[in-house]
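# Observations on the three-dimensional arrangement
Here are the chains, one letter per residue:
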Amino acid sequence: MRNAKLPISWEMLAVAAALLYPLVPAVDDFLFRLTHWRFGFVMPTIFILAILALALNVVVGYAGLLHLGIAGFFGIGAYVTGILTVPAYPFGCSFWLAVLASTLVATAFGIVLSAPLLRLRGDYFALVTLGFGLAVMYSIRNLEEITAGTKSLNPVPPPELLPPFGQLFEAVGWGTDWASEYRLFYYLTLAFLLGTILLLRNLERSSLGRAWVALREDELAATCMGLNAARLKLAAFALSAALAGMAGSLYAIKLGSTADPLAYDFNRSVTMLCCLILGGLGNRNGVLLGVALILGYDNLLAPILDDVQRALGEQSGWKKIVLYPFTLLMSTKGKLMMFGLVLILMMRYRPEGLLPSSRVREEMHEGDPAPHTLPRKE
Amino acid sequence: MATVLLADSTWVLFVNICLNGLTTGFLYALIALGYTMVYGIVELINFAHGDLFMLGCFFAWSLVSAAAVATGSTGALLLLLAILLLTPLFCAAINWSVDRVIYRPRRSAPKLNLLVSAIGVSFIFMNIGQLWGGAQDLDFPRLVEDRNLLPADSGLQFSLIDAIVISVTVPTMIGLAIFVKLTPLGKAMRAVAQNPMAAQLMGINTNRVISATFLIGGALAGVGSVVYVLKIPTINWAMGFQNGLYAFTSAVLGGIGNIPGAVLGAILIGMVYSLGSWYDARWATTLVFLILIVILVFRPAGILGTHTREKV
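To keep things clear, this report deals only with the structure shown in the data block. If you're wondering where the values come from, they're calculated on a predicted model, not measured in any experiment.

## Remarks on the overall build of chain B
Each helix and strand counted, chain B has ten helices and two strands in total. The helix and strand sequence of chain B, counted from the amino end, reads α-α-α-α-β-α-α-α-α-β-α-α. Seen through its principal axes, chain B has C-alpha atoms that stretch 70 × 45 × 40 Å. A burial count over chain B gives 54% of its 312 residues as buried. Taking all contacts inside chain B whose residues are at least 6 apart in sequence as the whole, residues at least 24 apart take part in 75%. Entry remark: accessible area of chain B is about 13300 Å², with carbon and sulfur atoms responsible for 69%.

## So, helix α2 (residues 49–67) of chain B
Residue and element names in this part refer to chain B. Look at α2: 27 Å from first C-alpha to last across 19 residues, which is about the 27 Å you get at 1.5 Å a residue. Of all 19 residues in α2, 14 are buried, a share of seventy percent or more. Just beyond α2, the residue with positive phi is Ala68, at close to 50°.

## Side note on the packing of helix α5 (residues 95–117) of chain A against helix α12 (residues 229–255) of chain A
Helix-helix packing is described using two parameters, namely the angle between the two axes and the distance between the axes. Residue and element names in this part refer to chain A. Between α5 and α12, the least distance of the axes is 7 Å, while the angle of their chain directions is 145°. Relative to α12, the crossing made by α5 is right-handed. Together, Phe95, Ala98, Val99, Ser102, Thr103, Ala106, Thr107, Gly110, Ile111, Leu113, Ser114 and Leu117 of α5 and Leu234, Phe237, Ala238, Ala241, Ala242, Gly245, Met246, Ser249, Leu250 and Ile253 of α12 make up the contact between the two elements.

## What about helix α16 (residues 335–349) of chain A?
Between its terminal C-alpha atoms α16(A) stretches 21 Å, which fits the 21 Å expected from 15 residues at 1.5 Å a residue. Taken residue by residue, α16(A) has Leu336(A), Met337(A), Met338(A), Phe339(A), Gly340(A), Val342(A), Leu343(A), Ile344(A), Met346(A) and Met347(A) as its buried positions. Contacts from the buried residues of α16(A) go to α13 (266–279), α14 (284–314) and α15 (318–330) of chain A together with α3 (74–103) and α4 (111–133) of chain B.

## What about the interface of chain B and chain A?
Contact with chain B, which involves 51 residues of that partner, is made by 48 residues of chain A. Buried surface at the junction of chain B and chain A, summed over both partners, amounts to about 4600 Å²; 72% is from carbon and sulfur atoms. Summed over the shared surface of chain B and chain A, the number is zero salt bridges. Where chain B meets chain A, there are five residue pairs in polar contact (both at pLDDT 80 or more). For the side of chain B that touches chain A, the secondary-structure elements that each account for two or more residues are α1 (2–42), α3, α4, α9 (239–254) and α10 (259–298) of chain B. Take the side of chain B that touches chain A: its biggest share by element is 16 residues, from α4(B). Considering only residue class, the side of chain B that touches chain A consists of 34 nonpolar, eleven polar and six charged.

Reading the values: rules and limits
- Residues numbered from 1 in each chain as written.
- Chains lettered and ligands numbered in written order.
- Predicted model: local features only at pLDDT ≥ 70, side-chain atom pairs only at ≥ 80, totals over all residues.
- Heavy atoms only, no water.
- Helix = DSSP H or I, 4+ residues; strand = E, 2+ residues; numbered from the N terminus.
- Buried < 20%, exposed > 50% of the residue type's maximum accessible area, 1.4 Å probe, protein only.
- Contact = heavy atoms within 4.5 Å.
- Areas by Shrake-Rupley, 256 points an atom, 1.4 Å probe, with all protein chains shown as cover.
- Expected span 1.5 Å × (residues − 1).
- Axes fitted to C-alpha atoms, helices over the stretch in contact; angles between N-to-C directions.
- Left-handed = near helix turned anticlockwise from the far one by under 90°.
- Buried area = accessible area lost by both parts, 1.4 Å probe.
- Salt bridge = Lys/Arg side-chain N within 4 Å of Asp/Glu carboxyl O.
- Polar contact = N/O pair within 3.5 Å; in protein donor to acceptor, adjacent residues only side chain to side chain.
- Nonpolar A, V, L, I, M, F, W, Y, C, P; charged D, E, K, R; others polar.

This is how it looks when you write it as structure tokens:
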């Protein structure tokens, strides 16, 4: 820890800011006046997607396998929750049960899929996960009898508050209406995110976490030291699937529906990969920085710039000429290009990310290709 | 009598599906060749190749829209020849530039880094397609009057456009085979594919060979786009991703890096897709992805590829 001399770290400051944000309504109101967007309503989605990014980081960052189908598990989680909770089905499960079931089903899919995946080399692994993600998306869209296709399953009911929280929220005057009071989802999703971060933090320091890093750095050496590569990869893949399924479940509950199946397509997987690559593969804080930048852009900045652009379209003069191309590139219309540029530029100039862990930086800048990048040419 | 009729119509249907599958397969083959050649030489899954094909379609669309000629006229035929010449040049130029600017400086980087860069290029191409043609489907103007070449009472379908597709693709592929087999550059390509280090030691300029591969792959994708818009006259920005994956699946099915394998794989995938679309169009795509997964998992070397043990 280089900054051990500071009594508080950036990490703690960020957590404190996230916790305090809803308690100071003036900030949210100020941002609303500035942009006409309620940040508080968008933040829970970003927290949920941050869980998804951390899930992807388990496979890509810790274990060093390129996973291009995380959106598939996200979708499975969302649809299991949808099926278990919407009135069209007879189950009517409670929130906690639905989240648990989604996590378990996604884990089961992860374990089943990882069986054939374990012996594949890097690029084939990437393609099979890609194919899996797309197969899930198309299946969701085509199995209309079960998933309602593009119409999506809805309404997914909001969670019921556990006894002390209901009274607490009534007491502070927030009420218990999930639709109008953003703070309920805000704290719920933040709690899940912090839980995930704590879990991963402990895992990184456990023997399992260290074994993953050993595997990433040199699979052959790790295997020679007695690590069971297949079992470790399976664990990483299953954990990632579980967290992604949990995130999917929360996503469906937050949206109140399972969303168009397109929400679980390849773009979602690559957006998540962008967060990892921009922030720093394998480094939890780096990933969260990437999430803040990429998803902040995707969910807040780009829509705001859409508004700006629409307003500019009606104006004329120098303002339009100067700002229009810029806002076009940065708005939703230029989103794919931004993500593409991020991937290319980071790979070119800083493959270890903005906030790398020291180990990853060393791996990326070794003389010869890092070991997890097999196949090497003979 | 009734059973004979039934058997007869089933036979006609089957032949029609196969004919359609064959032309679709030749189409995928043109794109698959670009994947397989690049993979054979730099071991990069060129993710952006499908989107390059999409840009080729948009380029041809822009040319044809600008010219505005009547269907079936002499002008239209000349225009068809012109786009058949210009679109491959356009795609080849883009593919070469991408290699030059993005892949070449990172040639020694880990392979997965290059794959991620290729995904980035693919996204940029998609975005260009979005800005170029908008979010909706575009109709490609008909250049050739389509008609069935086979006698109508046989019930078989083989249209003029199918004939054009085959008469463009087959000579292109034969030309490619001759090029790779007989010319010095083709020999150099095979040498680099086999062992880049040894090829370099023998005095082959590997960078030049790789550039040439990207040029040829891009040109083939360009031919593919022209053929595609003739056969399926609807284009949109997302078409490259899907068709690219079909083509990639074809390349893997035939044995990636193997040129005849890519053609064989593409014809098989064309048949599967055609058969799947007849059964239920919605599931045809999923079927192709399942084939991709199964092949990669159980026989990564493909049908024609030799099974090489991974060296550590």
